Amino acid sequence: VLGAGLNYTWALFIPALTNIGWGILTMKLVADPADVGIITPEVKIRMEKLKAKQAETGSTVVDEGPAPITYAAALKIPMVAQYAFAFGFFKLTNYVLFFWLPYFLGKHFDPVTANLIASLYSVGMMPGG
């Protein structure tokens, strides 16, 4: 942005707009495929159980979807704790690079190139985490 002759505020404005757009996209994601009419094998089983329960009771039964899982139950799933531990170290490495990359690049590149590389890394972190 700075190398293109634009005002420095664009270096803040462009990532802000990208984050807002990514946030809107994330908010529009659907939690349950049945909400948009996608019928998976799991949804078919749930619908059959709902119909059986309605026939059994004779009244209207509301489909509440799958029950949420607790943290304790999630940690009992094989490899979840190991993956969470590894992911924590991945995030640690990612944020060390995020905060120290401009410093190290400033030692080896001119300021415009260093800022461009650091900005591209930051933009790449938006969708990738």
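Residue numbering note: each chain is counted from 1, following its sequence as written. Given that this is a predicted model, residues contribute local features only at a pLDDT of at least 70 and side-chain atom pairs are listed and counted only at 80 or more, while totals for whole chains, interfaces and linings are drawn from all residues. As a convention, hydrogens and water are excluded, and side-chain values are obtained from all of the structure's heavy atoms.

Novice: For this particular structure, what's the right way to read a nonpolar patch on the surface?
Specialist: A surface patch of nonpolar side chains, amounting to about 1,000 Å² of accessible area, comprises Phe85, Phe89, Leu92, Tyr95, Val96, Phe99, Trp100, Tyr103 and Phe104. With respect to the helices and strands, Phe85 occurs in helix H4 (residues 80-108). Residue class for Phe85 comes out exposed when judged on its relative accessible area of 58%. The patches described consist of residues with a relative accessible area above 30% and no salt bridge, like charges being joined within 9 Å and nonpolar side chains (Val, Leu, Ile, Met, Phe, Trp, Tyr) within 5 Å. Computed with a 1.4 Å probe, the accessible areas rest on the Shrake-Rupley method; for each residue, only the protein chains presented here act as cover. In the sections that follow, a salt bridge refers to a side-chain nitrogen of Lys or Arg positioned within 4 Å of a carboxyl oxygen of Asp or Glu. For helices the rule is a DSSP run of H or I covering at least 4 residues; for strands it is a run of E covering at least 2, with both sets numbered from the N terminus onward. Three exposure classes are used, based on accessible area relative to the maximum for each residue type with a 1.4 Å probe and protein chains only: buried under 20%, partly exposed in between, and exposed over 50%.

Novice: Would you explain the packing of aromatic side chains in this entry?
Specialist: For any pair of aromatic rings, the description consists of the separation of the ring centres together with the inter-plane angle of the planes. Here a pair means two rings of Phe, Tyr or Trp (six-membered ring of Trp) with centres within 6.5 Å. Their orientation is stacked below 30 degrees between planes, edge-to-face above 60, and tilted elsewhere. Taken as a whole and judged by the stated rule, the model has 9 aromatic pairs. Considering the side-chain rings of Phe87 and Phe90, the 5.9 Å spacing of their centres and the 40° angle between planes classify their relative orientation as tilted. Of this pair, Phe87 and Phe90 both sit in helix H4, 3 residues apart, which is roughly one turn of the helix. For Phe87, a relative accessible area of 38% translates into the label partly exposed.

Novice: Sorry, what's going on with the confidence of the model for the protein here?
Specialist: Do not read the predicted coordinates in detail wherever pLDDT is low. Scored from 0 to 100, pLDDT reflects the predictor's confidence in each residue. Mean pLDDT for the protein: 85, with 97% of residues reaching 70 or above. Per-element confidence in the protein is highest for helix H3 (residues 71-75), whose mean pLDDT is 92, and lowest for helix H5 (residues 111-128), whose mean pLDDT is 83.

Novice: How should I be thinking about H5 in this particular structure?
Specialist: Because an α-helix completes one turn every 3.6 residues, residues spaced three or four positions apart along the sequence face the same direction. Each residue after the first adds 1.5 Å to the expected span of a helix. Given a rise of 1.5 Å per residue, 18 residues ought to cover 26 Å, and the 26 Å separating the end C-alpha atoms of H5 matches this to within 8%. Ala114, Ala118, Met125 and Met126 are the residues of H5 that are buried. In a view along the axis of H5, the buried residues occupy a sector of 125°, so they form one face of it. Opposite the buried face of H5, at more than 90 degrees from it, the exposed residues are Leu120 and Gly128. The contact rule is simple, with two residues in contact once any of their heavy atoms fall within 4.5 Å. Tucked inside the fold, the buried residues of H5 contact helix H1 (9-27) and H4. When we speak of the arc, we mean the arc of directions from the helix axis to the C-beta atoms.

Novice: Help me understand unusual backbone geometry, please; the structure alone is not making it clear to me.
Specialist: Most peptide bonds adopt trans geometry, and most residues besides glycine take a negative phi value. The phi dihedral of Met79 is positive, around 75°, even though this residue is not glycine. Residue position: Met79 is located in the loop between H3 and H4. Taking the relative accessible area as the measure of exposure, Met79 reaches 56% and is therefore exposed.

Novice: Sorry, what's going on with H4 here?
Specialist: End to end, H4 covers 40 Å across 29 residues, agreeing with the expected 42 Å (1.5 Å per residue, within 8%). Approximately 50° is the largest bend angle found in H4, and it occurs at Trp100, with the proline Pro102 only one to four residues beyond. Residues Lys91, Asn94, Leu101 and Leu105 constitute the buried set of H4. Fitting axes to the seven residues that end at a residue and to the seven that start at it, the angle between those axes gives the bend at that residue.

Novice: Hey, could you run me through the packing of H4 against H5 in this one?
Specialist: Orientation is described by axes fitted as lines to C-alpha atoms, over the contacting stretch for helices, and by angles from 0 to 180 degrees between their N-to-C directions. The interhelical angle for the contact between H4 and H5, taken along N-to-C directions, is 170°, at an axis separation of 8 Å. Regarding the angle of H4 to H5, the classification is roughly antiparallel. Between H4 and H5 lies a crossing whose hand is left-handed. Touching Asn94, Tyr95, Leu97, Phe98, Leu101, Pro102, Leu105 and Gly106 of H4 are Ala114, Ile117, Ala118, Tyr121, Ser122 and Met125, all from H5. The nonpolar class holds Ala, Val, Leu, Ile, Met, Phe, Trp, Tyr, Cys and Pro. Asp, Glu, Lys and Arg form the charged class, and all remaining residues, Gly among them, are polar. Along the lines of polarity and charge, the residues of the contact of H4 with H5 split into 11 nonpolar, 3 polar and no charged. Each angle is binned into one of four classes, with values under 35 degrees roughly parallel, values over 145 roughly antiparallel, values of 65 to 115 roughly perpendicular, and all other values oblique. Left-handed describes a crossing in which the near helix is turned anticlockwise from the far one by less than a right angle; the clockwise case is right-handed.

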